[in-house]
Amino acid sequence: MSKYLRYVFNDFFVIALMFIIGGIGYQYAMFIKHLQAGQWWEKLVLVVLLLVVIQLNNLVTFVKRADFVFWLPKEKEFFAFLRSGLRYSKSIAVIVQIVAWFIMIPFIEKTMVTINIALTLMFLVILVVLKMMLLNFQMTDNYHHNGNFLNNKIFYRVIIPLVVVALATYFNVYVGVIIGIVVLILSHLLVAKLKQQSINWQVVIEKTESHENSLNRFFNMFTDVENMQGAVKRRSYLDSMFKIFNNDVYSVLYSRGIVRDKEISGLLTRVSILGAIIIGAIKLDWMAILIAMLFMYLIVFQLIPYFTNFEDNVFTSLYPINFDLQVKSFTNVIGKIMILVIIVLMIGSIFMFNLLGSLMLFLALVIEWILLIKIYVPKKIKKASSNY
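First things first, this report covers the structure right here in the doc. (Residues numbered from 1 in each chain as written. Predicted model: local features only at pLDDT ≥ 70, side-chain atom pairs only at ≥ 80, totals over all residues. Heavy atoms only, no water.)

**Brief notes about the nonpolar core**
As a rule of thumb, nonpolar side chains are buried together in soluble globular proteins.
So, point 1. Of all hydrophobic cores here, the largest spans 43 residues; its most connected members are Tyr 254, Ile 258, Met 296, Leu 303, Phe 330, Met 338 and Leu 365.
So, point 2. Contributions of two or more residues to this core are made by α10 (249–260), α11 (262–281), α12 (285–303), α14 (323–350) and α15 (355–386).
So, point 3. Excluding anything up to four places from it in sequence, Leu 303 contacts Ile 258, Ile 264, Leu 268, Phe 330, Ile 334, Ile 337 and Met 338.
So, point 4. The next biggest cluster of nonpolar side chains, apart from the first, holds 37 residues, and it includes Leu 50, Ile 54, Met 104 and Val 173. (Core = buried A, V, L, I, M, F, W, Y, C linked by side-chain atoms within 4.5 Å. Buried < 20%, exposed > 50% of the residue type's maximum accessible area, 1.4 Å probe, protein only. Helix = DSSP H or I, 4+ residues; strand = E, 2+ residues; numbered from the N terminus. Contact = heavy atoms within 4.5 Å.)

**Re empty space enclosed by the protein**
So, point 1. The final tally for this structure, using the stated rule, is two cavities of 30 Å³ or more.
So, point 2. When its volume is computed, the largest cavity comes out at roughly 40 Å³.
So, point 3. In this structure, the largest cavity is lined by Leu 59, Thr 61, Gln 138, Asn 142, Val 204, Lys 207 and Thr 208.
So, point 4. At three residues, helix α9 (residues 201–219) tops the list of elements feeding residues into the lining of the largest cavity.
So, point 5. Residues of the lining of the largest cavity, tallied by class, amount to two nonpolar, four polar and one charged. (1 Å grid on protein atoms, 1.4 Å probe; cavity = no way out; pocket = protein on both sides within 12 Å on 5 of 7 lines; lining within 4 Å. Points joined across faces, edges and corners; volume = space filled by probe spheres on them. Nonpolar A, V, L, I, M, F, W, Y, C, P; charged D, E, K, R; others polar.)

**Describing unusual backbone geometry**
So, point 1. Here the phi dihedral of Asn 57 falls at roughly 70°; this positive angle occurs in a residue that is not glycine.
So, point 2. When its relative accessible area of 27% is taken as the criterion, Asn 57 is described as partly exposed.

In short, the description is geometric, and any link to function would need to be established separately.
Structure representation (structure tokens):
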């Protein structure tokens, strides 16, 4: 999948990434600078942050769908292959935990009212230990077991990390480290016993395919991905929303298709909410406006390929609708969807902007909406269609 990275880290995205990281870093530095140490809510926030960081990265096995019967004689030997995936997952997870811990160091020192290096390092030990423990338990999920409480996802993903992190934050960090190490040893013993158990092939395959699909969805934001597996979900609670769209054939197809397509609708929801959160967290008006405009462009850019989504359906070719009406219907649907996106982004501006800043953001988004929907999208579609 590394072949897609050159499409992800293109010139425009790298420049945008520099602005985003620079803006967030500046705001984080100002937040730490003006933060008073020892406030009651700081430890609570630290516990939540540590729990979120621990949940990053899941077990990767690299298993491919095959004939289960063929693999049955090799099931005992397959343990070594799964364990190699476990080692790979741990190596990646440790790097992520170290980076997250490094970013949180200033907040940890403010929260714990200390600059003791040893104490700060103990929080890194807790993150690494709990993450390895979590991956070990995820390894056991790939095998058939009796369903005891140790294999309960809520138990090993939430309860154990919460107890360890809370003890380390509110009571004594070394007690949290000791309990975390004990649980890690227990999880290693459970993994060692898996050689004698049967593999739950369906779970293994579903997890691997889910991991690959999540990566493909990310890469698909920047370029077309081969063998992309889509999924459709009926969302009856959104039926009333379709009234805002026209009733012509292609408006019906595009509006319902985008809403029911889990990939596209999920992308719209995630990017819109993420944009609103970033806008609400940045105090520099001009930077927030640039980021909001960038998110608008990215969303429209990702929706344009959906124009050809129904080309394989023979009935759309038989129905007597000319190309210009199809383009008009598509731009109409995209335009109304982007109005909803503008509303979501404006909600984010309410928390940090003054009235003038919010008006400037709204004006910039409206101008960009006109340029994208009235000029960019029709021109892009017609240019792409002329190449066929």
